[in-house]
Amino acid sequence: MPATRPSSTPNPLPLDLGGLRASQQFSEARLKRRSVKDELRENLICRLKTREPIFPGIVGYEDTVVPQIINAVLSKQNFILLGLRGQAKSRILRALTAVLDERMPYVAGCEIRDNPYRPLCKRCRDLIAEKGDATPIAWLARDERYVEKLATPDVTVADLIGDLDPIKAARGGQDLSNELTMHYGLLPRANRGIFSINELPDLAGKIQVALFNIMQEGDVQIKGYPVRLMLDVALVFSANPEDYTARGKIVTPLKDRIGSEIRTHYPETLEEGIAITSQEAWSERGDIQTEVPQYVREIVEQVAFSARDDKRVDKRSGVSQRLPISTMELVISNAERRALAHCESLVLPRVSDLYAALPGITGKLELEYEGEMKGADVVVRELIRTAAGKTYDRYFADINTQQIEQWFNLGGAVKFDDDQPTAAALNDLKEIQGLFEKLSAVGVKTSDLPQRVVAAAEFLLEGMVAHRKLTRSEERGYSSPEKVQRKQERMDPEGDYQDWQQQQRRTRRGGLN
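So, here's what we can say about the structure. (Residues numbered from 1 in each chain as written. Predicted model: local features only at pLDDT ≥ 70, side-chain atom pairs only at ≥ 80, totals over all residues. Heavy atoms only, no water.)

**Some details on the packing of aromatic side chains**
Each aromatic ring pair is specified by the distance between its two centres and by the angle formed by the two planes. Put simply, the rule reads: Working definition: a ring pair exists when centres of Phe, Tyr or Trp rings (six-membered ring for Trp) sit within 6.5 Å. Plane angles under 30 degrees give stacked, over 60 give edge-to-face, the rest tilted. Whether a charge lies above a ring is judged from NZ of Lys or CZ of Arg, which has to be within 6 Å of the ring centre and within 35 degrees of the ring normal.
Summed over all chains, the structure comprises seven aromatic pairs. Here the aromatic residues Tyr295, Tyr392, Tyr395, Phe396 and Phe459 are joined through ring pairs into a cluster of three or more. A cation over an aromatic ring shows up here: Arg285 above the ring of Trp282, its NZ or CZ 4.2 Å from the ring centre. Over the aromatic face of Phe305 sits the side chain of Arg308, whose NZ or CZ is 5.5 Å from the ring centroid.

**A few points about unusual backbone geometry**
Selection criterion: In this description a helix means any DSSP run of H or I spanning at least four residues, a strand means any run of E spanning at least two, and both kinds are numbered starting from the N terminus. Using a 1.4 Å probe on the protein chains alone, a residue whose accessible area is under 20% of its type maximum counts as buried, one over 50% counts as exposed, and one in between counts as partly exposed.
One non-glycine residue, Arg51, lies in positive phi territory at about 60 degrees. Mapped onto the elements, Arg51 comes out in the loop between helix 3 (36-50) and helix 4 (65-74). Exposure remark for Arg51: the relative accessible area of 77% places this residue in the exposed category. Phi angles above zero are rare outside glycine, and Cys343 is one such case at about 55 degrees. Among the residues examined, Cys343 registers a relative accessible area of 73% and is labelled exposed.

**Some details on the sheet that holds strand 7 (residues 193-198)**
Strand-to-strand pairing in sheets goes through backbone hydrogen bonds, with the strands running parallel or antiparallel. Stated formally: In this description, strands pair whenever DSSP reports at least two bridges between them. With axes taken as lines fitted to C-alpha atoms, and helix axes fitted only over the stretch in contact, angles between N-to-C directions fall between 0 and 180 degrees. Contacts are assigned to residue pairs with any non-hydrogen atoms lying within 4.5 Å of each other.
Read across the sheet, five strands follow the order 4-7-10-1-11 without closing on themselves; strand pairing throughout is parallel. Of all strands in the sheet, those with a lone pairing partner are strand 4 (146-150) and strand 11 (260-263), marking the two edges. Shown here is a sheet whose adjacent strand axes are inclined to one another by a mean of 20 degrees, direction ignored. As paired elements, strand 4 and strand 7 share five bridges and run parallel to each other. Looking at the pairing, Glu148 lines up with Ser196 of strand 7. The strands that helix 4 touches are strand 1 (79-82) and strand 11; relative to strand 11, the one it contacts most, it runs at about 165 degrees.

**Some thoughts on the sheet that holds strand 15 (residues 471-472)**
An order of 14-16-15 is seen for the three strands of this open sheet, with the pairing classed as antiparallel. The sheet terminates laterally at strand 14 (414-415) and strand 15, the two strands that pair on one side only. Pairing of strand 15 with strand 16 (residues 477-479), which is carried by two bridges, proceeds in the antiparallel orientation. Bridge pairing in strand 16 links Thr471 to Ser479. Of the strands in this sheet, strand 14, strand 15 and strand 16 are in contact with helix 22 (residues 450-466), which crosses strand 16 at around 60 degrees.

**Regarding the pairing of strand 2 (residues 103-107)**
Within strand 2, four of the five residues are buried, which leaves the element mostly enclosed by the surrounding structure. Direction of pairing for strand 2 relative to strand 3 (residues 137-141): antiparallel, over a ladder of five bridges. Looking across to strand 3, one finds that Pro105 is bridged to Trp139.

**Describing the pattern of salt bridges**
Where we set the bar: What counts as a salt bridge is simple: a side-chain nitrogen of Lys or Arg found within 4 Å of a carboxyl oxygen of Asp or Glu.
Per the stated rule, a full pass over the model turns up 27 salt bridges. We note a salt bridge from Glu474 to Arg381, for which the minimum N-O separation is 3.2 Å. Of the two residues, Glu474 is situated in the loop between strand 15 and strand 16 and Arg381 in helix 19 (residues 376-396); the sequence distance between them amounts to 93 residues. Note that Arg476 is salt-bridged to Glu458, the shortest N-O span being 3.5 Å. Note that Arg476 is positioned in the loop between strand 15 and strand 16 and Glu458 in helix 22, a separation of 18 residues in sequence.

**Observations regarding the state of the cysteines**
Which entries qualify depends on this criterion: In this description, a disulfide is simply a cysteine sulfur pair whose atoms lie within 2.5 Å.
Under the definition given, this model contains zero disulfides. In this model Cys110 remains outside any disulfide bridge; the closest cysteine sulfur is found in Cys124, 3.4 Å from its own. Assessed through its relative accessible area of 8%, Cys110 is described here as buried. Unpaired in terms of disulfides, Cys124 finds its nearest cysteine sulfur in Cys121, a separation of 3.3 Å. Residue Cys124 is classed as buried on the basis of its relative accessible area of 0%.

Encoded structure:
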């Protein structure tokens, strides 16, 4: 008889209380007194020792926010992330589940995921007393132990804590004061896990009072009946500083019971912002090759940085990191549309594609009075021009563009159009004397693909517009600013007045007829 091979499958998880007690990993001595905050602390210590990343994908917080979160978890504290919109607060809170155990046992069928060794609800206590080691056990994955609630003014105590269920009482023949008649809310259902509340100040004051009472003392009154629930839960919150004055506030007793208030922030350097946008934006479209030049990435990110410093943009509201992410996606889409229209095999965005991405920018800016007077479109166009100028200086600050300026001053002009194939645009650019040799500053040669050459040339011309060496029309036509000025100087005010008088006389004669 042939020898049987040993099974390569791991030992199955225990399915009853007896098997759980016999297990070394899930023994009573290990799990009975181990709270979820103890679990987070122990697993975090292991990660720190092995130097595993705590929050993979979170860029720019390594030396600021992450150490403060680690300190709060090591201290077994509840904490709040305080910051403007688009600063990855919710993403960080959701990433905390990675520090939980991979699997957690609980009494099968329990609504509040009771610890088999220390059950809270009467149903589980009665079940264990009746079945003993035969009590069925179920398992929760770490992602299932995260419960999130967006705070809104209409949230009630019943939503968060629970309510008495008269139908359940009638079916079971129970008195309403019996805890078996309770329908649990979100917080009890997050027992032995992480409970997150986003935009905490939007929660009504009386709901905040019920929240801190059950998290600190473990009791709450529901419709006059005292209910005691010694829940095991890690509470984390997020809030926007603007909300403290605009919509609500955190009541003082709750704020006092939150262990740490951790401030988040926007990317501190352009490189950090580019890394975040590159990570989050949908740039690889799959069906067609896409290439985004580095200077385009810098300009897109610089728009957000310039907006955060602009006095016409509301600083209290902030400029979300979603702005450069959505802008980058629209920039690539406009280049993709152009490539598809001309059957080109490479999608390569240009600086002018940012103007096609205006809808992705205007909706993410809250303007001050001065900005509202000018209009969002005007403000955004100026931000793009400023961003192009700053990026231009990083590449072409030491480049002499006098020969290019002279070509335009002598009457030269060039116009870009999405309806124009890249090859045709390249032929127009060849007329500009001294242009192509300057593109080496961005690593582009004349022998490169036409899309790269045209995009780099447009970047150079756009930067010259930002520094008022050239002028650019709304139809993407580049010409000499002196030519436009001479045209304005040739305009005769007296001649214009005579033309107006003649027009008025013709109008009156037409009316008499």
